[in-house]
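# Residue-level structural notes
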Amino acid sequence: MDVRYSTNPAEARGFDTAQLRRHYLVEDVFVPGELRLTYSHEDRVVLGGAVPGAEPLRLESDDTLRTDHFCERRELAAFCVDGRGAVVCDGTAYPVERGDLAYIGRGTREVSFSSADPAAPARFYLASAPAHQDLPTTLVHAKDVPPVELGAAETSNERTIRRYIDGTLVESCQLMMGWTQLAPGSVWNTMPAHTHLRRTECYFYFDLDEDARLVHLLGEPDQTRHLIVRNEQAVISPSWSIHAGAATGSYSFIWFMAGENYRFDDMDHVAMADLR
Ligand SMILES: O=C[C@H](O)[C@@H](O)CC(=O)C(=O)O
Ligand SMILES: [Zn+2]
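Residues numbered from 1 in each chain as written. Chains lettered and ligands numbered in written order. Predicted model: local features only at pLDDT ≥ 70, side-chain atom pairs only at ≥ 80, totals over all residues.

Cross-referencing UniProt, the feature "binding site: Zn(2+)" (unreviewed entry) maps to H194, H196, E201 and H243 in the present numbering. The named residues occupy 50 residues along the chain; their greatest pairwise C-alpha distance, 11.3 Å, places them in one compact cluster. Relative to the helices and strands, H194 resides in strand β17 (residues 194-195). Residues in contact with H194, not counting those within four places in the same chain, are I242, M267, D268, H269 and V270. Along the polypeptide, H243 turns up in the loop between β21 (233-237) and β22 (244-247). Judged by local crowding, H243 falls into the buried class, with 25 C-beta atoms found within 10 Å. (UniProt positions renumbered as here; feature names shortened; annotations may be inferred. Helix = DSSP H or I, 4+ residues; strand = E, 2+ residues; numbered from the N terminus. Contact = placed C-beta atoms within 7 Å. Buried ≥ 20, exposed ≤ 12 C-beta atoms within 10 Å, placed from the backbone.)

This is how it looks when you write it as structure tokens:
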């Protein structure tokens, strides 16, 4: 597991481009035939990707967790970004295709991921946080998640947000997770920006053209920095950081949060006049 320590906002002010990327950007989320994870000390969230080929990929614990199995003390969500496959939890297979999410409760002993067609592998984005109770594993299909329309074409931020995990369709301990899709021609997400000192949030950007780039804004509201992000990369936002972006083409992203409270709407909005 790639381990990222927590950072202090005072320290982050002095980071150069390479340091910003090393602390906050996850560049290789999807590697064919591999399951890759990044462990952040920010609220101890784990994110990553699984791209199974002909053989299923097993989720293992390691010395970073030092538990007997990955979900011994944590909950996990697997979002199928592309392809078709299955999430297998303690012998039960949950078939998934693009837009489906499997919530895997604490206490699940064996988790593996497989592709229906190794020539067109499934791509699973993974998100996890420590959990205080066992909860049932649940499959959520995109069509069952109510869309919420945000923004407008005039402000280049027209987008649809689907909250897969927020206590409505799925009960979870800490994890809140969803999919935001930008409308054609819209490029801005999450602007006006916000922070939420109660929770860490991670964004995973996808559906971006290979040549397109996204400028992700992070940092304290009056000390913003940026990361140049390409398709299928993730950004870790400490609680004190804004998280917003604009791209040179259309895209979508998966967001997930974990931390002190379980209130999606708990955001400290930043006035445009206060951004620096
Ligand atoms: O705290 C909530 C998160 O930042 C996201 O839900 C924001 C988002 O998807 C968007 O504005 O498009
Ligand atoms: Zn947020």
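Our focus in this paragraph is the sheet that holds strand β16 (residues 188-189). Ordered by their spatial adjacency, four strands build an open sheet running β16-β22-β19-β20, and the pairing between neighbours is antiparallel. The open sheet has two free edges, formed respectively by β16 and β20 (223-229), since each of these has just one partner strand. With two bridges connecting them, β16 and β22 associate as antiparallel partners. Paired with W188 across the two strands is A246, which belongs to β22. (Pairing = 2+ DSSP bridges.)

The next thing to look at is the site of ligand 1. The immediate surroundings of ligand 1 are formed by L150, R159, I161, T180, N189, T190, E201, H243, W255 and M267. When grouped by side-chain class, the residues that make up the shell around ligand 1 number four nonpolar, four polar and two charged. (Near = placed C-beta within 6 Å. Nonpolar A, V, L, I, M, F, W, Y, C, P; charged D, E, K, R; others polar.)

The next subject is the sheet that holds strand β23 (residues 252-259). Read across the open sheet, the seven strands follow the order β2-β21-β18-β23-β15-β14-β13; overall the sheet is antiparallel. Taken across any chain shown, the strands that pair with only one partner, and hence form the sheet edges, are β2 (25-26) and β13 (147-150).

One finds A77, A78, M177, C202, F204 and F256 to be the most contacted residues of the largest nonpolar core, which totals 74 residues. Dropping the residues within four chain positions of it, F204 is found in contact with V29, Y125, A234, F253 and I254. (Core = buried A, V, L, I, M, F, W, Y, C linked by C-beta atoms within 7 Å.)

Attention now goes to unusual backbone geometry. Following M191, the chain continues into P192 via a peptide bond in cis, with omega recorded as 5°. Inspection of the secondary structure puts P192 in the loop between β16 and β17. Backbone geometry at S156 places phi at a positive 55°, although glycine is not the residue there. Its place among the elements puts S156 in the loop between β13 and β14 (159-165). Judged by local crowding, S156 falls into the partly exposed class, with 15 C-beta atoms found within 10 Å. The residue E232 is not glycine, and still its phi comes out positive at about 60°. Here E232 lies in the loop between β20 and β21.

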